[in-house]
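Chain by chain, the residues:
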Amino acid sequence: PEPILRVKDLNKEFKTKSTKLFSKSVPVKILKDISFDLLEGETLSVVGESGSGKTTLGRCVLNGLDATSGEVVYVTNDEKAVDYLNLGKADYKKYRKDIQMIFQDPYSSLNPRMTVFDIISEPLVTNYDVKKKEVEEHVADIAERVGLNPHLLKRYPHAFSGGQRQRIAIARALITQPRVIVCDEAVSALDVSIQAQIINLLDDLQTEMGITYIFISHDLSVVQTISDRVAVMHLGRIVELASVDSFFENPKHPYSEALLSSVPKPDPDVKTDRIILQGEVPNPGNPPSGCEFHPRCPYATELCRTEIPELKETGQGKRHLSACHYADELELRGVWHANQAK
Ligand code: SF4
């Protein structure tokens, strides 16, 4: 598959507010030199602890948050490359609808004072000149696709369960027929059985409509089921990028190894060995020198303390990238495999 989005050297920085106690505002880098291609029809999961920058990345791609520098190139249906972060007026109207987002919390992301019909149809009605009849047909079609009863659309969100609300949010994202959807922790707030239903729905929609997903999640069990590729973020950088199989089989970054060790076994009675990272999560306003993971990395050397490792190809080939000086020397597949074999 060809890239549908090309993200290049994306940086996002903001300044902390000065307070009585801290009179100086400090610049904090939330995204650092992020580069990757999103391939058409794939699901690329973005994982990492909270504060790693994954949500900011999703929002920058969507243009909800302005990037400080870098570019996001969108390859349109007719293979035109457009600068997505700086769309001119005409292109904005044409292409903004092609990338949509689904948020984490189906309870707070839907306006409680609007009917479900109005919630789903809003992106269409506010941005495009569509006749009422067409809107109604379109909403009914999308409702059916996502498994919502079209007769209940005059109700308000509070009348629906969490899973149903997430279906409403998905319908709203789909109404403009997007090509890319950024799912930000889209199933995290749901019970496990409902989670599985929503994942299946996202999967079916991908097959039927050819949608490409950026799937932001902290839950590696979900990520393993849904992804084609995985990007691991740590303190605003991508530190590993690989196909899902290669990532789970042969992680090439110590931070990924620690994340993988926390994946629970389906059997809750089986205790897994977890790598507990030593030390505090570093302060993003004052990140460590060299490899920013070094204060917590059990394998850190002097080189790690001084030199920032580049995200580059590992011995697993050019589709498996790691930003660790010792990516190919460390044997990192132990803990997850041992846990899964229990
Ligand atoms: Fe650990 Fe060094 Fe690799 Fe960073 S570069 S992850 S500190 S071994």
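Worth saying up front: this structure is predicted, and the values here are computed from it rather than measured.

Definitions and cut-offs
Residues numbered from 1 in each chain as written. Predicted model: local features only at pLDDT ≥ 70, side-chain atom pairs only at ≥ 80, totals over all residues. Heavy atoms only, no water. Helix = DSSP H or I, 4+ residues; strand = E, 2+ residues; numbered from the N terminus. Rg over C-alpha atoms; globule rule 2.2 N^0.38 Å. Buried < 20%, exposed > 50% of the residue type's maximum accessible area, 1.4 Å probe, protein only. Contact = heavy atoms within 4.5 Å. Areas by Shrake-Rupley, 256 points an atom, 1.4 Å probe, with all protein chains shown as cover. Lys, Arg positive; Asp, Glu negative; His and termini not counted. Charge placed at Lys NZ, Arg CZ, Asp CG, Glu CD. Pairing = 2+ DSSP bridges. Domains from an automatic or database assignment. Buried area = accessible area lost by both parts, 1.4 Å probe. Salt bridge = Lys/Arg side-chain N within 4 Å of Asp/Glu carboxyl O. Polar contact = N/O pair within 3.5 Å; in protein donor to acceptor, adjacent residues only side chain to side chain. Core = buried A, V, L, I, M, F, W, Y, C linked by side-chain atoms within 4.5 Å. Near = heavy atom within 4 Å. 1 Å grid on protein atoms, 1.4 Å probe; cavity = no way out; pocket = protein on both sides within 12 Å on 5 of 7 lines; lining within 4 Å. Sits in = over half its atoms within 2 Å of the grid points. Nonpolar A, V, L, I, M, F, W, Y, C, P; charged D, E, K, R; others polar. Points joined across faces, edges and corners; volume = space filled by probe spheres on them.

Let's shift gears to the overall build of the chain. Check the secondary structure of the chain and you find 11 helices and 12 strands. For 342 residues, the compact-globule estimate of 2.2 N^0.38 gives 20 Å, and the C-alpha radius of gyration of the chain, at 21 Å, lies within 12% of that figure. Considered along the principal axes of its C-alpha atoms, the chain spans approximately 65 × 50 × 50 Å. Looking at the chain as a whole, 49% of its 342 residues are labelled buried. The long-range fraction of contacts in the chain, counting pairs at least 24 apart against all pairs at least 6 apart in sequence, stands at 66%. Of the roughly 17,300 Å² of accessible surface on the chain, 49% is carried by carbon and sulfur atoms. Counting 41 positive and 48 negative side-chain charges, the chain places the centres of these two groups 6 Å from one another.

Our focus in this paragraph is the pairing of strand β12 (residues 317-322). As judged from the 2 bridges shared by strand β10 (residues 237-243) and β12, these two strands associate in the antiparallel manner. The residue bridging L241 from the neighbouring strand is L321, located in β12. The turn joining strand β11 (residues 312-314) and β12, which pair antiparallel and follow one another in sequence, is formed by 2 residues.

Each assigned domain of the chain is listed here: domain 1 (1-15 + 28-227) and domain 2 (249-342). Placing a centre on the C-alpha atoms of domain 1 and another on those of domain 2 gives a separation of 29 Å. At the interface, 10 residues of domain 1 touch 13 residues of domain 2. A per-residue breakdown of the area domain 1 buries against domain 2 is headed by K32, E49 and L220, which together make up 51% of the total. Across the pair K32 and E292 runs a salt bridge, and its minimum N-O distance is 3.1 Å. Linking domain 1 with domain 2 are 3 residue pairs in polar contact (both at pLDDT 80 or more), by the criterion used here. For the side of domain 1 that touches domain 2, the secondary-structure elements that each account for two or more residues are β2 (27-39) and α7 (220-226). Here the side of domain 1 that touches domain 2 takes 4 residues from β2, the largest share from any one element.

I102, I120, I170 and L202 are the most contacted members of the largest nonpolar core, which totals 38 residues. Among the elements that take part in this core, helix α5 (residues 162-174) stands out by supplying 6 residues, more than any other. With residues near it in sequence (within four places) discarded, L202 still touches I102, I170, C183, Y213, F215 and I226.

It is worth spelling out the site of the ligand at this point. Close to the ligand lie 13 residues, the nearest being C291, C297, C304, C324 and H325. Of the pockets mapped on this structure, the ligand occupies the largest cavity. Grouping the constituent residues of the shell around the ligand by class yields 10 nonpolar, 3 polar and no charged.

In this approach a probe as big as a water molecule rolls over the atoms, and the regions it shows empty are the leftover space. Going through the model one piece at a time under the given rule, you end up with 1 cavity of 30 Å³ or more. As a volume, the largest cavity reaches approximately 70 Å³. Residue lining of the largest cavity: 13 residues in total, with P254, C291, C297, C304 and C324 positioned closest to the centre. Grouping the constituent residues of the lining of the largest cavity by class yields 10 nonpolar, 3 polar and no charged.

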